[in-house]
Structure formats: structure tokens, C-alpha cells
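Spelled out from the first residue to the last, the chains are:
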Amino acid sequence: MDSLNILMENYQAFEEKRIKDRFFKHADLLIILDKLKTNTDFMLKEVGQSTKGLSINLITWGKGPKRVFLWSQMHGDEATATMSIADLLNFLSNPDQFGQIQDLLADKCTLYILPMVNPDGAEVFDRRNAMDIDINRDFRRQQSPEARILRNLRDEINPHFGFNLHDQSTLWSAGNTGNPATISFLAPAYDKILSLNSTREQAMKVIAIMNSAIQKTIPDQVGRFEDEYEPRAFGDNFQAAGTSTILIEAGGFYNDPEKQHIRKIFFKAILAGLISIADESYLKATTEDYFLIPENKKLHFHILLRNCKLEKNGIPYKLDIGLSAEEKVTKDAGSVKYTYMVTELGDLTDYFGYEEFNCEYFTLTETKKIKIDEPADLIVHNGTNILLTLENGF
Ligand SMILES: [Zn+2]
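Residues numbered from 1 in each chain as written. Predicted model: local features only at pLDDT ≥ 70, side-chain atom pairs only at ≥ 80, totals over all residues. Heavy atoms only, no water.

Chemist: Any chance you could break down the packing of helix 3 (residues 80–92) against helix 9 (residues 260–278) for me, citing the residues and the numbers?
Modeler: Following both chains from N to C, one finds helix 3 and helix 9 inclined at 60°, their axes separated by 8 Å at the closest point. On the basis of the axis angle, helix 3 is oblique to helix 9. Two packed elements cross with a definite hand, and for helix 3 against helix 9 that hand is right-handed. In contact with Thr 80, Ala 81, Met 83, Ser 84, Asp 87, Leu 88 and Phe 91 of helix 3, helix 9 contributes Gln 260, Ile 262, Arg 263, Phe 266, Phe 267, Ile 270, Leu 271 and Leu 274. A per-class count over the contact of helix 3 with helix 9 returns 10 nonpolar, three polar and two charged. (Axes fitted to C-alpha atoms, helices over the stretch in contact; angles between N-to-C directions. Helix = DSSP H or I, 4+ residues; strand = E, 2+ residues; numbered from the N terminus. Parallel < 35°, antiparallel > 145°, perpendicular 65-115°, else oblique. Left-handed = near helix turned anticlockwise from the far one by under 90°. Contact = heavy atoms within 4.5 Å. Nonpolar A, V, L, I, M, F, W, Y, C, P; charged D, E, K, R; others polar.)

Chemist: I'd like a description of the coordination of the zinc ion, backed by residues and values.
Modeler: Every protein donor of the zinc ion is listed here as His 75 (ND1), Glu 78 (OE), Glu 78 (OE) and His 166 (ND1), and their distances to the metal cover 2.0 to 2.7 Å. Because the angles between the four donor atoms bound to the zinc ion fall within 53 to 150°, the donor set is best described as irregular. Look at where the donors of the zinc ion fall in the sequence and you get H-x2-E-x87-H. In this pair, Glu 78 sits in the loop between strand 3 (66–72) and helix 3 while His 166 sits in strand 5 (residues 161–167), placing the two residues 88 residues apart along the sequence. The exposure class of Glu 78 is buried, given its relative accessible area of 8%. Looking at His 166, the relative accessible area reads 2%, which means it is buried. (Donors = N, O, S within 2.8 Å, 3.2 Å for Na, K, Ca; no water. Tetrahedral: all angles 85-135°; square planar, octahedral: opposite > 155°, others 65-115°. Buried < 20%, exposed > 50% of the residue type's maximum accessible area, 1.4 Å probe, protein only.)

Chemist: Which residues make up the domain arrangement of the protein chain, and what values go with them?
Modeler: By the assigned domains, the protein chain splits into domain 1 (2–291) and domain 2 (300–390). Distance between the C-alpha centres of domain 1 and domain 2: 35 Å. Residue-level contacts link 19 residues of domain 1 with 14 residues of domain 2. Taking both partners together, domain 1 and domain 2 bury about 1200 Å²; carbon and sulfur atoms supply 57% of that area. Area buried by domain 1 at its contact with domain 2 is led by Phe 23, Leu 171 and Gly 178, which between them contribute 38% of it. Notably, a salt bridge pairs Glu 327 with Arg 22, separated by 3.3 Å at the nearest N-O pair. Where domain 1 meets domain 2, there are six residue pairs in polar contact (both at pLDDT 80 or more). Partitioning the side of domain 1 that touches domain 2 into residue classes produces nine nonpolar, six polar and four charged. (Domains from an automatic or database assignment. Buried area = accessible area lost by both parts, 1.4 Å probe. Salt bridge = Lys/Arg side-chain N within 4 Å of Asp/Glu carboxyl O. Polar contact = N/O pair within 3.5 Å; in protein donor to acceptor, adjacent residues only side chain to side chain.)

Chemist: Tell me about the pattern of salt bridges, and name the residues and values.
Modeler: Within the structure shown, the criterion is met by 19 salt bridges. Between Lys 63 and Asp 107 there is a salt bridge, and its shortest N-O distance comes to 3.6 Å. With Lys 63 in the loop between strand 2 (55–61) and strand 3 and Asp 107 in helix 4 (residues 99–108), this pair connects stretches of sequence that are 44 residues apart. Close ionic contact of Asp 167 with Lys 259 constitutes a salt bridge, the shortest N to O distance being 2.8 Å.

Chemist: Tell me what's going on with the state of the cysteines, and back it up with residues and numbers.
Modeler: Applying the stated criterion to the full structure yields zero disulfides. Unpaired in terms of disulfides, Cys 359 finds its nearest cysteine sulfur in Cys 308, a separation of 3.8 Å. For Cys 359, a relative accessible area of 1% corresponds to the buried category. (Disulfide = S-S within 2.5 Å.)

Chemist: Tell me about the environment of Phe 23, and name the residues and values.
Modeler: Tracing the backbone shows Phe 23 in the loop between helix 1 (2–9) and helix 2 (26–34). The spacing of Phe 23 and Gly 334 is 311 residues in sequence and 5.4 Å in space, taken between C-alpha atoms. The contact partners of Phe 23, leaving out residues within four places of it in the chain, are Phe 125, Glu 258, Ala 333, Gly 334, Ser 335 and Val 336.

Chemist: Requested: an account of the environment of Asp 41, with residues and values cited.
Modeler: Of note, Asp 41 is situated in the loop between helix 2 and strand 1 (42–49). The class of Asp 41 is partly exposed, set by a relative accessible area of 43%. A sequence separation of 322 residues divides Asp 41 from Thr 363, and the C-alpha atoms of the two residues are 63 Å apart. In contact with Asp 41, not counting residues within four places along its chain, are Thr 60, Trp 61 and Gly 62.

Put into C-alpha cells, the structure is as follows:
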């Protein structure tokens, strides 16, 4: 994996510069795919259309026997993996650099890449599709065209491995490490009693490799999702159908609201996984390695104000205040506005914040009475200096 670390130092060389934030649209993706049309290593095919008639495109690359299917953004507002895939396509289309890795992948694997499964959702930066259906709960009913495309493709390709690529809330923590879960993994269960078979075990082993690759970049910032069975979801059903399915979720990282750092780590995770499938090094990992990844917990707030001194009826009391930023998409779906909400009050000693203020030595002035589930309206100061001002959540 040393070559992977060297490669990461040269990320600039293949990073897709057209994408700078999470709000790129279907048309932006088409420009990126267009570049591949003249490259004979890639096969592009429109495999269907979204509810609103936008094209959904499959890219095929490589000539190896191991079939790997990767799909991203079935939730329209989960764009990180699509950015990483754009970078991956650039990487694969530049054989001058890192040719060894590309040769290995092309000889051993065939990649089937379906970026932006939910373009209608991406257009308005919404989780659901244009029918307001959560595609990842539509595996059984198949009411959305997007779900039909995805399910049919798995049946056609019959991949050995599947990469199910998502974003998660930035409030997930990597167990009790005090860090956010910047990346989370799951080898989804294929039945209610969470059985293990070789299909699922292989997914766990690849995850173990991916985890150890990215731990070097983000130590103790990786989490593992609880493996509750969801019979309506794609990952669970693909696992049941015999495709070793790996869920990767992009979470939060300090000062990275547009997930441009996470995008690189996500890319590294994908590539580490692909390399381990190609050279079969994943077989050396164990399912124990997988279970050693700490389980995700929701212990994070975006802002945590510790030891605030407040008063009620003349009696002083101590209060920790957890604030979480709610994202509201702007009309043009070109950005989001953040509103800081009061989401927890009380003893938050065992919780963490992306930003923390110890208010023991500061004064907290409530511009408006602090209330749970309401926007925060407060000032933290020491008489002369203001540390934090929030006005109606802004
Ligand atoms: Zn998702």
C-alpha cells in the first residue's frame, strides 16, 4: 500500500477541478463523462433515465475477471462519493502516472461505475427522488425508475463486489474516540439474524483493508455502522444475492463543510479496496479486523458549550449546551444555509464538539431564552471580548 500513499501525495494530478463543492449537477457530471468518450479504455452507456428524464450512465473500465460494481448518490444530497468517482475516472484515464496500479486493476478487475443514481435529487440537493421516494427503501417495490435501473444492473452484471457509496450525518462519532466518524463502513447483513457467510465475510475483509489504509490519514476517525437488517435497502439485498457489498459513508471532518478533504480520503478508501480485490490481499485480513473498527455513536455536536453558568429564579446552575447546524438548501440548490439549533442540554461531559467552548470562565448571555429544538440566540463573552455570537441560529 506504499504506492497508494505516494499516489495520494500526487492527488492534485488527477483531482477533478470542475467540482469544488457538493452542489454540482447532472450537467456537470455529463461534462466529466464526455471526456471519456474518446478514450477507448472506457465504455459509456446510458442505462436508463430518472423520473424527470435525466440520463443515468454506466461506465465500464478494465478487462479482468473480478467484476466490481460501484454506485453513488442514490441520495441526491450525498455527493461526496461522486466527487471521488470523478477523481477516480481521471486517475484511470491517465496511465502515464501510476501505471502499475492501473495495470493491476485493469488486468484483474472490470469496474462498473454508476455515478449519480439520483440526478433529480442532485438537481435540488435532496435525499429523495422526484417522486419523493427514498430509492434506498425501494428495492422490493421497485416503484422508482432509479431503483429499477440499479437492481437490474446488479442482476445483469452479477458483480463479485459492490461499493454502495453514501454520505452520513456529520454528527456521527467514531465510537468513544472523541473524533467524528469521517468515514464509516458497513458490510450489510443479508438476514434478520445477521448471519455471516463467505459473501459477507469477504466484504468485511475488504473493509478491514480500506480501514487500515485510511487510518494513516485519519487516525481514529473511522466508524462502523450497526448491522441492523433493512429488507428494503439495496446493500442488504445485494449481499443476499451474493455480491460482497461494502457500504461507505462520508461523514464530517473539522473545517471541511464542502467535504473536499473527505473526498480524497474517500477516494483512498475506494482505491485501497479495489487494489486489495485485484491482488487478493484482502484475503489476509480477518473479520476480527472489521469488528475492531469502533461502532458509530452519535456523540457529536457542531458546537458544544461546556459549563455554562445560568440562573433560574435567582438560583445558579451549570449547563452544557449542544448545538447542531441544520442545513437548508438555497433556492438555486447552489449552497446551503446553516442554522444552529439547540439540540441537547444538561450534562454533556461524555460528548464532543467540532468546536468546543469552556464557558466556565466566560459569561453566557441568552439573547433569547435557550430552549431545546429552537435556534440558538446567545453571546459568549468575557466582558471585553466576544467568543461567539449566534443570532436566531446564525
Ligand atoms: Zn445515503
